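# Notes for the structure review
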Amino acid sequence: MTSTVDPISLPQRTASNDTEIDREALARLLIEIARNVDPDYRARFDGVPTADPRMETLRQLLVSREISELSRVTHLLDEPEQLAAAVGDVLSSAAARAPHVQLGEALAPAVERAVQRSIQKSPRTLTDILYPVFLPAIRKSIGEKIDQTFQSLNETLRHIFTWHGLKWRFESWRTGASFSEVVLKHSLVYRVEHVFLISRNSGLLIAHVAADNATSEDPQLISSMLSAIQDFVKDSFNEKEQSSLDTIRFGDLRLWSEVGQFATLVSVIRGNPPEELHEIVRDVLLRIHEECSQALGEFDGDSSQLAGVEAQLQTCVELKQEESNQGFPWLVVVAVLLLLIPAGGWFLLSWQSGQRWQAYVSQLEIQPGIIVAEQKVRYGQFYISGLRDPLGADPQSLLSGTQVDPARVHSQWKFYQSLEPEFVLKRLTASLAPPDTVRLSIVKDRIVAEGEASAAWISQAHAAAQQLSAGGPVFDISGVRDVSLEEREAERWQAYVSRLETQPGIIVAEQNIRDGQFYIAGLRDPLGTDPQSLLSGTQVDPARVHSQWRFYQSLEPEFVLKRLAASLYPPDTVRLSIVKDRIVAEGEAPDTWIDQARAAARQLSAGGPEFDISKVRDVSPEARAAEHWQYYVSRLEAQPGIIVAQQTERGGHFYISGLRDPLAADPQALLHGTQIDPARVHSQWQFYQSLDPKFVVKRLEASLTPPKSVLLSIIQGRIVVVGEAPANWINRARAAADQLSADGVVLDISQLHELNLAELNDLRAAIQATDIFFYSGKVVPGPEQTPVLDRLADQIKEFAESAHKSGVTARFMLTGHSDATGRETANASISAARAETVRALLNKRGVAPELLLVRGAGTFEPLVPENSQTGSSTNRRVSITVNLD
Amino acid sequence: MLQKKICMLGGFGVGKTSLVRRFVQSIFSETYLTTVGVKIDKKSVALPGKTVDLILWDLAGEDDIGSFRVSHVRGATGLVLVVDGTRAATLAAALTLRERVEAEFGTMPFVLLFNKSDLADRWAISDGDINELRQLGWQIYLTSALSGEHVDDAFRQLASMVAR
C-alpha cells in the first residue's frame, strides 16, 4: 500500500507539522466508531498501530478530491504566468467593483508616472490624445480674442473725433492704458441683469441672482428651458457634445452661457458688453467649480448645500458700465481751429515782417555812406548786399528797433570811402587830429578850418588839402592863425602855476607875466615841496622867474602828521596814520607817552585835524603782567589733559584751579618763559583721568605693557592696536577695550593678531614632553638624567631667547611629583624638593632663575595610575610647563 | 429650495398639456412644444416639513415614438406617464417610452395616469388591466384634466416618491 501514497505526497510535503493529520487520533476515532458498531471489537484489539497503511487509504478516500484541488490552486499561485493570466481575467471587473475613491488614490501615482514617461518618450502620443479636447477650447479662445479686437477697433474709430475722444485720450495718457481700452471702457454700456447657475445634468437651477430692478419670470423654469434649448439646438444640428450654445442675442439683450464641468453659468446682459466680460464670467464659474466641486457633482435638486455660490454670482451681477452722454463733435471744431489759427497767424506775421523789412531797407538807402546794391526776401529770410563807409552808421545796429529778426537777415557789405563832405570831414578829423583851438566845419560842401594852430599843424593841413583836391570837396585852411612863441611860453607858465596851486603846503597869492618876466608870490610850508624844484621840466626859463615865498604852518593832515612825528617821538610800537583827515595813533605805549600825546592832541584841536590816540594801549607793568597771565591761562586751556575750572587775578596774585591728568604737561613747568613770577601764582590742581585718546594710549601703554610687536596709534579719534601678541595679552587688550567702550573710547583690536609662535611651538612641545625622573625617596635625579637636564637647559634658553625677541616673556613651571608610597605630607615636601633641585640644576646650566617657577604637586597629578612598580617610578618626576606672558 | 426634474411622457393627444395647463404654474406658451419640442412647467407640492418644486418637462408627444428625444430626460428623477383612457394604444406607447428612458438612464420613480376619466362612456381600458398593473406595485391614477380629479394626488404621490 505504501506505493499508493503518491497523490497526497504534495500536501504532505508542503504541510507544516501542526496541520499534518493526527493519525493516532484518527485511528482512535475509527476504533471508537467500530466499538459502537460492534461492542466485541474491543476484546480483539487493544489499539491500532499508527503506521497502519489502511489509514492512508482511508484518508485518500475521504479527502483526495480536496487534496488535488488544493494542489492545483497552489500550483496556480506558484506559477507567475498562470497567476497573471488568472488575475488578468478578473482585473477589469475587480476594478469596477472597487470603491472609486480608494482605487483612484491607489492608481494615481502609477498613472501620473505613466503619463510622465509617455510624455518623455513621445510627447506626440499624448498630444494626439488631447488634441480633440484642447482644439475647441483654443478655437473658442482665439475667436473671442478676435471679436475683442474688432470690437475695440470699431469703438476706437467711432470715437476718434469726438469731444469724448479727446477726454479719453487724456485719460489714456493719464492712466497709461491704451486708447482703445479707454474707449471700450466708456463706450460699452451694458448691465448684467441676471445670472443663472444651472446644473448641466438636469437643467435644474442651482442659483440665480438678479440685478436691482431687473425682472424676469420664474428663474427655475427659465433655467430648465435654457437647457432644453441647448439640447434642442444640439439635437437639431447634430452638434458634438462638447460644444454649447454660448450666445443668444435678442435686441439689446444677450444671453451668454459658460459651460463648466457640472454647471452652466448663463448671464443675461442688457447692452453692449465688452468681450472681456466672457473671461470674468468664466473665472467666476471656475471659482465656483473649484470651491464646490463635490456639491456640484452630487447636486440632485437640493440647493441648500450650495448657498455660498450666490455671493460669487453677485459679483457678476454687479458688472456694468453706465451710459455717458455723447455730444457735438467738439474735437473736430477744435482741430480745425487749431489748424486755421497758426496758418492765419503765419500769413499775418510774414506780411508784417515783409513790411518791416522794406522800412529797414528804405532807412538804409537814405543813410549817408551806405549804398544798397541788392535786396530780396526769400522763404522768410532777408538778403541784402551793398557798399558802406566804415565811418557811416552800422547797418546791423540800425536793425535794432525795426522789429526785423536779425537772425533772418543775411547781409553782405563791402567797405568804400565816401566822398560826401561829412565823411571827408570825419576822416580829416581822424588823420589830422586838430588841436582844440581849431574848429572844422562844412560850409556849402566845402570843409573850412578856423582858429589858431601851430605852424607844424598848419603845414600838415596844407598837405592834406592838396591830396583832397582830386575829386573830393575843398578843404579851406585859410582861416587858421599861426600861434606865437610867447603865447606858448605863457601857456607853459600857467601850467606851472596851476601845478603849484594843487601842491599841498603851497598857497599861491599872486602871479603875473610882465615883459617876458614871470612873477609869483605866496605862502609855503617848510615841510612841503620846494616850488623851485618843480620848475625843472616845465620848459619855463628859471632865470625869468621871480618868486617871493613866506613860510607858514599848514594844518593839512599830512603836515600835521609829520610835525607830530617829529615832536612826539612815538615809540616803535606806535604807528601814526591818516584816516579820513584824522590822525590816528595805534599800538602800545607807556602811560607817560600817552599823556604827552594827549597834550599834543589838545593843542591841535584849535583848527587842525583831530588826533585820535584812543587806539594806543597803555602798557604799564601791571597790565602787561595781566596779559601774560591770560596768555598762560589760554595756553593751559589748550593743553590736552588739563581742564581749567576757575582762574582769577587779585591784588597782583594769580589764582587758578582745575583738573589735570597726571600724564599731561605740568602746569608749573608751562609757567617757565611766560615772564610771570611763579611766586605770585597759586595753583590748585586735582588729578583726573582724561579720556583724550592720547592719554588713554599712555595709560594703556603703562598698564598693558604691550609687547614690542604691538603698536598703539590714534586714527581719527580711535585707538587702533596693530601687530601681533600672545593670546593672553590679546585677551587683556580685549578686556581693556570692553572697559573703555563704557567710557565711550574706542579701542580697536581688530588688527591685532595672535603671535605666530609656530617655530616656538615645536620647542615648547619638546620642553613640555620632558620629564626628569627620580629614584624612590631621592630628591636628586640619578646620573642617567644628566643628558636630559643638559638638553632641557639648552631648549629652555633657546625658547626664552626667541620669545624675548618676539616681545614675549616665557616662564617655565617646574612641577615636582612623588609616588604614592609613604605619608602624604612627606610626599608633598619631597615633590617640592625635587622641583627645587631641578631649578638649581638648570640654573647651574645657565638658565636665568627668574624664568623658572617651582611647585610641588605631591601625589595629586600622577602620570600613570599607581598600581605597579613601573607606575611608581614613572610618577617620581619633575614635569615642565611653558607659559607665555 | 428642493427641486426635481420630472418628465411627462405619453403618446400624442393623451392630455399631458391639458393636465399641466390647469394645475401647474406655467410661463411658456404651448407653441414651445412644436418649436423646441419641450415645454417647462413647475408644480410646487407641499409635503410634510418641506416643499418640493417639480420641474415638469412636458415632452412633445408624437405618434411616432422614434422621434422622441431621450436626451431631454437626462437628469430627471421621476416620470409622469400619461395614457389616454379612451385609446388603449396609448398605454403601450407610454410603456414603450418608459422602457426607452429606463434603458438610457436606469429605473426611476413614476406615476401612471389614465387621463380623460370623465369620458367614461368611451373608456377603453378594462379595470382588469389596471388592477394587473397595480399588482406590480405601480402608482396608478385615473385623472381628468377637465374636472381635476386625482391630478393633485398624482403629483403629490410622485413628489413624495422623488423627495425621499
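All figures in this text were calculated on a predicted structure; none of them were measured in a lab.

## Details of the overall build of chain A
Of regular secondary structure, chain A possesses 29 helices and 29 strands. A buried classification covers 22% of the 885 residues belonging to chain A. Counted over contacts in chain A with a minimum sequence separation of 6, partners at least 24 positions apart contribute 62%.

## Details of the overall build of chain B
Counting its secondary structure elements, chain B contains five helices and seven strands. Each helix and strand of chain B, placed in order from N terminus to C terminus, yields the pattern β-α-β-α-β-β-β-α-β-α-β-α. Looking at chain B as a whole, 43% of its 164 residues qualify as buried.

## Comments concerning the pairing of strand S17 (residues 582-589) of chain A
Within a regular beta strand, the side chains point alternately toward one face of the sheet and then the other, so they alternate between its two faces. All names here are of chain A. Sheet topology note: the strand S16 (residues 574-579)/S17 ladder contains six bridges and is antiparallel. Looking at the pairing, arginine 575 lines up with glutamate 586 of S17. Linkage of S16 to S17, two consecutive antiparallel strands, is achieved through a turn of two residues, within which lysine 580 is found at a positive phi near 50°. Strand direction decides the pairing type here: S17 and strand S18 (residues 611-618), joined by six bridges, are parallel. Paired with isoleucine 583 across the strands is phenylalanine 611, a residue of S18.

## Thoughts on the interface of chain B and chain A
By a widely used convention, the size of an interface equals the accessible area lost when the partners come together. The partner chain A presents 21 residues to the 23 residues of chain B that form the contact. It is strand S1 (residues 2-10) of chain B that contributes the most residues to the side of chain B that touches chain A, four residues altogether.

## Here's the deal with the nonpolar core
Within soluble globular proteins, side chains that are nonpolar generally end up buried alongside one another. Leu197 of chain A together with Ile6, Trp57, Val80, Leu81 and Leu113 of chain B are the most contacted members of the largest nonpolar core, which totals 78 residues. Ranked by residue count, the leading element in this core is helix H10 (residues 219-236) of chain A, at seven residues. In this view, tryptophan 57 of chain B contacts Ser224 of chain A together with Lys5, Ile6, Cys7, Met8, Val38, Ile40, His72 and Ala76 of chain B; residues no more than four positions away in its chain are not counted. Counting 38 residues, the second largest nonpolar core, distinct from the first, contains Ala736, Ile772, Leu841 and Ile880 of chain A.

## Focus: unusual backbone geometry
Even without glycine at this site, tyrosine 569 of chain A takes up a positive phi of about 45°. With respect to the helices, strands and loops of the structure, tyrosine 569 of chain A is situated in the loop between helix H20 (557-568) and S16. Of note in the backbone geometry, lysine 116 of chain B takes a positive phi value of approximately 65° without being a glycine. The residue lysine 116 of chain B is located in the loop between strand S6 (110-115) and helix H4 (127-135) in this model.

## Structural notes on the environment of arginine 74 of chain B
Tracing the backbone shows arginine 74 of chain B in the loop between strand S4 (50-59) and strand S5 (78-84). Along the chain, arginine 74 of chain B and glutamate 104 of chain B lie 30 residues apart, while their C-alpha atoms are 8.7 Å from each other. Residues within four places of arginine 74 of chain B in sequence aside, it is in contact with Asn201 of chain A together with Phe105 of chain B.

## Here we look at the confidence of the model for chain B
All names here are of chain B. When pLDDT is averaged across chain B, the result is 84; 89% of the residues are at 70 or more. Taken element by element, chain B is modelled with least confidence in helix H2 (residues 31-35), mean pLDDT 66, and with most confidence in S6, mean pLDDT 92. This complex was scored by the predictor with a pTM of 0.37 and an ipTM of 0.85.

## Some words on the environment of leucine 763 of chain A
Checked against the element boundaries, leucine 763 of chain A lands in helix H26 (residues 758-769). It is 6.8 Å that separates the C-alpha atoms of leucine 763 of chain A and phenylalanine 799 of chain A, two residues lying 36 residues apart in sequence.

## Overview of the confidence of the model for chain A
All names here are of chain A. Looking at chain A as a whole, the pLDDT averages 81, with 92% of positions reaching at least 70. Confidence, read as mean pLDDT per element, is least for helix H1 (residues 6-14) in chain A (41) and greatest for strand S26 (residues 771-773) (91). Counting interchain partners and residues more than four positions distant, the pLDDT-below-50 stretch residues 1-18 has 18 contacts.

## Brief notes about the environment of leucine 26 of chain A
Residue and element names in this part refer to chain A. Position of leucine 26 among the secondary structure elements: in helix H2 (residues 23-37). With 17 C-beta atoms packed within 10 Å, leucine 26 lands in the partly exposed category. Considered as a pair, leucine 26 and leucine 58 are 32 residues apart in the sequence and their alpha carbons are 9.9 Å apart.

## Considering the sheet that holds S18 of chain A
All names here are of chain A. Read from one edge of the open sheet, three strands run S16-S17-S18, paired in mixed fashion. The sheet is open, and its two borders are formed by S16 and S18, each paired with just one other strand. In this sheet, adjacent strand axes meet at a mean angle of 15° when their direction is disregarded.

## Let's talk about the sheet that holds strand S8 (residues 381-388) of chain A
The pairing of strands in a sheet happens through backbone hydrogen bonds and is either parallel or antiparallel. Residues and elements named next belong to chain A. Spatial strand order, S7-S8-S9: three strands in an open sheet with mixed pairing. Bordering the open sheet on either side are strand S7 (370-378) and strand S9 (409-415), each of which pairs with just one other strand. Across the sheet, the axes of successive neighbouring strands diverge by a mean angle of 10°, strand direction being ignored. Judged from the seven bridges that link them, S8 and S9 form a sheet pairing that is parallel. From the neighbouring strand, isoleucine 384 faces S9, where its bridge partner is serine 411.

## Here's the deal with helix H4 (residues 53-78) of chain A
Residues and elements named next belong to chain A. Here H4 is 26 residues long, yet its end C-alpha atoms lie only 31 Å apart, well below the 38 Å a rise of 1.5 Å per residue gives. The sharpest bend along H4 comes to roughly 70°, located at valine 63. Counting buried positions over the 26 residues of H4 gives zero, only a small fraction of the element.

## Looking at helix H11 (residues 276-291) of chain A
All names here are of chain A. Between its terminal C-alpha atoms H11 stretches 23 Å, which fits the 22 Å expected from 16 residues at 1.5 Å a residue. Looking at H11, one finds that the buried residues are His278, Val281, Val284, Leu285 and Ile288. Angularly, the buried residues of H11 cover 130° about the axis, an arc narrow enough to put them on a single face. Close packing links the buried residues of H11 with helix H7 (123-158), strand S1 (190-199), strand S4 (253-259), strand S5 (263-271) and helix H13 (309-317).

## Focus on the packing of H20 of chain A against helix H21 (residues 591-604) of chain A
Residues and elements named next belong to chain A. Remark: H20 packs on H21, axes separated minimally by 11 Å, with the N-to-C direction vectors making an angle of 145°. Between H20 and H21 lies a crossing of right-handed hand. The residues of H21 that touch H20, namely those facing Val560, Leu564, Ser567 and Leu568, are Gln596, Ala597, Ala600 and Leu604. The residue makeup of the contact of H20 with H21, split by class, is six nonpolar, two polar and no charged.

Quick notes on the rules
- Residues numbered from 1 in each chain as written.
- Chains lettered and ligands numbered in written order.
- Predicted model: local features only at pLDDT ≥ 70, side-chain atom pairs only at ≥ 80, totals over all residues.
- Helix = DSSP H or I, 4+ residues; strand = E, 2+ residues; numbered from the N terminus.
- Buried ≥ 20, exposed ≤ 12 C-beta atoms within 10 Å, placed from the backbone.
- Contact = placed C-beta atoms within 7 Å.
- Pairing = 2+ DSSP bridges.
- Core = buried A, V, L, I, M, F, W, Y, C linked by C-beta atoms within 7 Å.
- pLDDT = per-residue confidence, 0-100.
- Axes fitted to C-alpha atoms, helices over the stretch in contact; angles between N-to-C directions.
- Expected span 1.5 Å × (residues − 1).
- Bend = angle between axes of the 7 residues up to and from the residue.
- Arc of directions from axis to C-beta.
- Left-handed = near helix turned anticlockwise from the far one by under 90°.
- Nonpolar A, V, L, I, M, F, W, Y, C, P; charged D, E, K, R; others polar.

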